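Structure at a glance
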Amino acid sequence: MTCVLCIGTVAAQDTCYLRMTGSSPEKKISIPDELLTFPDTLARHKFLTEQLSTWHAAGYLLAAYTADRSRSDTLQVQFDSGDPVIWTQINTAPADLPLLEAAGFKPDKWTGRRFYYDEVAALLQQLVEELGERGYPFASVQLDSVSATDTAIRAALHIHRNTFIRFDSVIVVGDLDISSNFLQQYTGIFPDAPYDQSLVDALPARMRQLLFTNIVKPPMIEFNGNRARIILYAEARRNSRFDFILGVLPDNAITGRLVITGDLQLQLQNTFGQGEMMQLQYNKLETTTKSIDAAAQYPYLPGLPIGPQAGFYLYLKDSTFLERKANAGLVYQFSGNNQLKGFANWYNSSVLRPDTLFALTNFALPDMLDVRERAYGLGWSAQRLDYVFNPRRGIAWEISGSAGTRTILENASIASLESPELPEYDFAALYDSIDVRTFAGRYQFDVQCYIPLFRMSTFLIQARGAALLQPEPLANELIRIGGSKLLRGFDEQSVPVSNYHMATLEWRYLLGLRSYAGIFADVARLQNTTLDEAQTDIAFGFGAGVRFETKAGIFGLTYALGGSQQDPLSIRNTKVHFGYVNFF
């Protein structure tokens, strides 16, 4: 049996061997000193070729080997790396220096540097990409006038820019109704701007992040002279929605009887072709407790990369107090639902029926007082989800914080009180005993992480929290949690706290594109600092839910139980919520 190694044809034969000798000046490139076994001579030849390519890539262009056969089936190979090849000079045109610097290339730093083929290839590719982002999509870059010796190489870097191209417009083919102002600001593609290949490459992914857009096929680029027109194939996606949630609370904590709660929401997106969003929500808790929440956002003012947003919230707690919130700000939209906003908040809480009996009896102010707050803040929200409506993998977060001043206002019903025991006592002086003007701040966050499990399921890990940062918040200022969206297993907005931090674990089995069934558990640390001594409680809720899509819309059902250290778990506290969502 004979092993044959030749420069031309290599014949594959039975098992053969290879022994390599020689020294390696590179620690990262080793020469095996043991006898190597191969199934045939073709595999052995491929191994030697790969070894030689490794040396060449490391800058040893003259690396070679000589072969002798010690036996008919064994090849003895002597490797000689030679000396590494060093750059002595790279000539460039002065006009190309700004481009070269933008690509991170400085010719003087390459002098005396070892030649690496992969490094040179990466440089040429980087320059082509840089030119493609500066209006030259047809540019080419090459090394010419190359001269080399055994240990040195020199060359000239030659850049062919070819035609300078400008953007013309973005044309939408399909039934998507969207303004040119939105497209220009959102995509970064403006008429007469230099052609930028990176913007074109990012276009499909950016458009898919818009909830009201469906990309039919990849965009096409139409070149005409020195102009490039982008053809975008997009259709409108039904994303405006009407939904409601009905809650059945068998043993309500306040009324002690069965209570039906309702949550109605209408959300309109891109109704006028500007990428705008409008939302209206009505919430009925107990019989006399209601809330209304309205919000609107316009993504881009004409010619500007920012847009306004505003919101209003009204909450009536039976005949106890009335809460009013308003906010306005500016939003910078990165892509899809990824945005940064700055805002101003206005908050007022008016006590409708102050506890005058407490004031008369204790000559002290009650825990509910009229208050006004003015604050300014920042918010950041982002999504990296594979499918927004029913994600299986990805992460999403929403974080905001604000700071300002809080002013406690004098209530006429308390200030005008007269004590039968001390007729001369001035109850208005009670306000002098407290700091009526103090710092006010708050933060809130919501982070969701979806981890895919097996083929059709996902595991959701969610962290949520919020806190009032002002000293001794009033009872009518507290954050209200509980219900189908926050701390399941409790009555809607039945748990007042000054801060909460909650973790959620949820497993979902995906039944369809917008359908799933799952089980969940919520655990929260609650704190109330309105009293002289802060009260802390641990609350938990768990249950199961299902959401399934039909031709009539999406229906949902959730069953949950909840309890805490102060309020033990009871089957009588079962909470059931029915939901319906219709996209149009």
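An account of the accompanying structure is given in this report. (Residues numbered from 1 in each chain as written. Predicted model: local features only at pLDDT ≥ 70, side-chain atom pairs only at ≥ 80, totals over all residues. Heavy atoms only, no water.)

This next bit is on the packing of aromatic side chains. Summed over the entire model, instances satisfying the criterion amount to 27 aromatic pairs. Arranged with centres 5.6 Å apart and planes meeting at 40 degrees, the rings of Phe244 and Tyr580 form a pair that is tilted. Note that Phe244 is positioned in strand β11 (residues 241-249) and Tyr580 in strand β28 (residues 575-583), a separation of 336 residues in sequence. Of the residues examined, Phe244 reaches a relative accessible area of 25% and is grouped as partly exposed. Look at Trp507 and Tyr509: their rings are 6.4 Å apart centre to centre, the planes differ by 35 degrees, and that puts the pair in the tilted class. Aromatic rings pair up to connect Phe242, Phe244, Phe548, Phe555 and Tyr580 into one cluster. Of note, Lys217 hangs over the ring of Tyr233, and the distance from its end group to the ring centre comes to 4.3 Å. (Phe/Tyr/Trp six-rings, centres within 6.5 Å; stacked < 30°, edge-to-face > 60°. Helix = DSSP H or I, 4+ residues; strand = E, 2+ residues; numbered from the N terminus. Buried < 20%, exposed > 50% of the residue type's maximum accessible area, 1.4 Å probe, protein only. Lys NZ or Arg CZ within 6 Å of the ring centre and 35° of its normal.)

Moving on to a nonpolar patch on the surface. A contiguous nonpolar patch, built from Phe242, Leu264, Leu266, Leu280, Tyr282, Ile292 and Phe584 and spanning about 570 Å² of accessible area, is present on the exposed surface. Taken together, the elements giving at least two residues each to the nonpolar patch come down to β12 (259-269) and β13 (277-284). Secondary-structure assignment places Tyr282 in strand β13. Among the residues examined, Tyr282 registers a relative accessible area of 31% and is labelled partly exposed. (Patch = residues over 30% accessible without salt bridge, like charges linked within 9 Å, V, L, I, M, F, W, Y side chains within 5 Å. Areas by Shrake-Rupley, 256 points an atom, 1.4 Å probe, with all protein chains shown as cover. Salt bridge = Lys/Arg side-chain N within 4 Å of Asp/Glu carboxyl O.)

Relative to the helices and strands, Gln339 is located in strand β17 (residues 338-351). Residue class for Gln339 comes out buried when judged on its relative accessible area of 16%. A distance of 3.1 Å separates polar atoms of two side chains, one belonging to Gln339 and the other to Gln297. Residues within four places of Gln339 in sequence aside, it is in contact with Gln297, Val331, Tyr332, Gln333, Phe334, Gly379, Trp380 and Ser381. (Polar contact = N/O pair within 3.5 Å; in protein donor to acceptor, adjacent residues only side chain to side chain. Contact = heavy atoms within 4.5 Å.)

All right, on to empty space enclosed by the protein then. For the structure on display, the rule yields two cavities of 30 Å³ or more. Here the second largest cavity is characterised by a volume of approximately 50 Å³. For the second largest cavity, the full set of lining residues is Ile245, Thr261, Gly262, Asp263, Asn283, Lys284, Leu285, Ser484 and Glu492. Per element, the largest residue contribution to the lining of the second largest cavity is three residues, and it comes from β12. (1 Å grid on protein atoms, 1.4 Å probe; cavity = no way out; pocket = protein on both sides within 12 Å on 5 of 7 lines; lining within 4 Å. Points joined across faces, edges and corners; volume = space filled by probe spheres on them.)

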